[in-house]
Amino acid sequence: MQKAGTQEKSPSELIDARIKELGDWRGEMLAGLRALIRQAAPEAVETWKWRGVPVWEDAGIICTGETYKAVVKLTFARGAALPDPKKLFNSSLEGNTRRAIDFKEGDKVDADALKALVREAVALNKSKTKR
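Residues numbered from 1 in each chain as written. Predicted model: local features only at pLDDT ≥ 70, side-chain atom pairs only at ≥ 80, totals over all residues. Heavy atoms only, no water.

1. What about the nonpolar core?
Generally speaking, a soluble globular protein has its nonpolar side chains buried in company with each other.
Thought 1: Core analysis: the largest hydrophobic core is formed by 29 residues, its most contacted members being Ile62, Leu74, Phe76, Ile101 and Leu114.
Thought 2: Where this core is concerned, the elements lending two or more residues are helix H1 (11-22), helix H2 (25-40), strand S3 (61-67), strand S4 (71-76), strand S5 (99-104) and helix H3 (111-129).
Thought 3: Leave out the neighbours within four places in its chain, and Phe76 touches Ile62, Cys63, Leu82, Phe89, Thr97, Arg98, Arg99, Ile101, Leu114, Leu117, Val118 and Ala121. (Core = buried A, V, L, I, M, F, W, Y, C linked by side-chain atoms within 4.5 Å. Buried < 20%, exposed > 50% of the residue type's maximum accessible area, 1.4 Å probe, protein only. Helix = DSSP H or I, 4+ residues; strand = E, 2+ residues; numbered from the N terminus. Contact = heavy atoms within 4.5 Å.)

2. A short note on the sheet that holds S3
In a beta sheet, neighbouring strands are held together by backbone hydrogen bonds and run either parallel or antiparallel to one another.
Thought 1: The 5 strands lie next to each other as S1-S2-S3-S4-S5, forming an open sheet whose pairing is antiparallel. One side of each edge strand has no neighbouring strand; the edge strands of this open sheet are strand S1 (45-49) and S5. Adjacent strand axes in the sheet meet at a mean angle of 20 degrees, parallel and antiparallel pairs treated alike.
Thought 2: By the bridge criterion, 3 bridges tie strand S2 (residues 53-57) to S3 in an arrangement that is antiparallel. In the sheet register, Val55 faces S3, and the bridge partner there is Thr64. (Pairing = 2+ DSSP bridges. Axes fitted to C-alpha atoms, helices over the stretch in contact; angles between N-to-C directions.)

3. Topic: H1
Thought 1: For H1, with 12 residues, the first-to-last C-alpha span of 17 Å sits near the 16 Å given by 1.5 Å per residue.
Thought 2: Within H1 the residues assigned to the buried category are Ile15, Arg18, Ile19 and Leu22. Taken down its axis, H1 places every buried residue within 95 degrees of arc, on the same side. The exposed residues of H1 that point more than 90 degrees off its buried face are Lys20 and Glu21.
Thought 3: Where H1 is buried, its residues contact H2, S1, S2 and S3. (Expected span 1.5 Å × (residues − 1). Arc of directions from axis to C-beta.)

What follows is the structure, encoded as structure tokens:
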């Protein structure tokens, strides 16, 4: 329940606030990754789940953007089913469903490969919803 006179923030505003709150390389990295996700999946909806995790969805979860002390982690909900020819996935490799990419301070992002991965995730989500 909201307090009188307060307005609930949208998920996009909450993500903006998280980026600003981080105030370091992690905020810059999250902002850059977010921009690439938006370019690759312009129809994606930004959501805010699990008490503070940015999530991008289109016909299901594409990925989450978690921030930790040493990494910014993009976890793809169905990453194990995605082609990864550029070998971006470097974390959560043992599971049968999810895959993640850990970005550390100073890492260069392969923008084209990441956008291709996001597009593949959207296509996979949409192929499952048509059945």
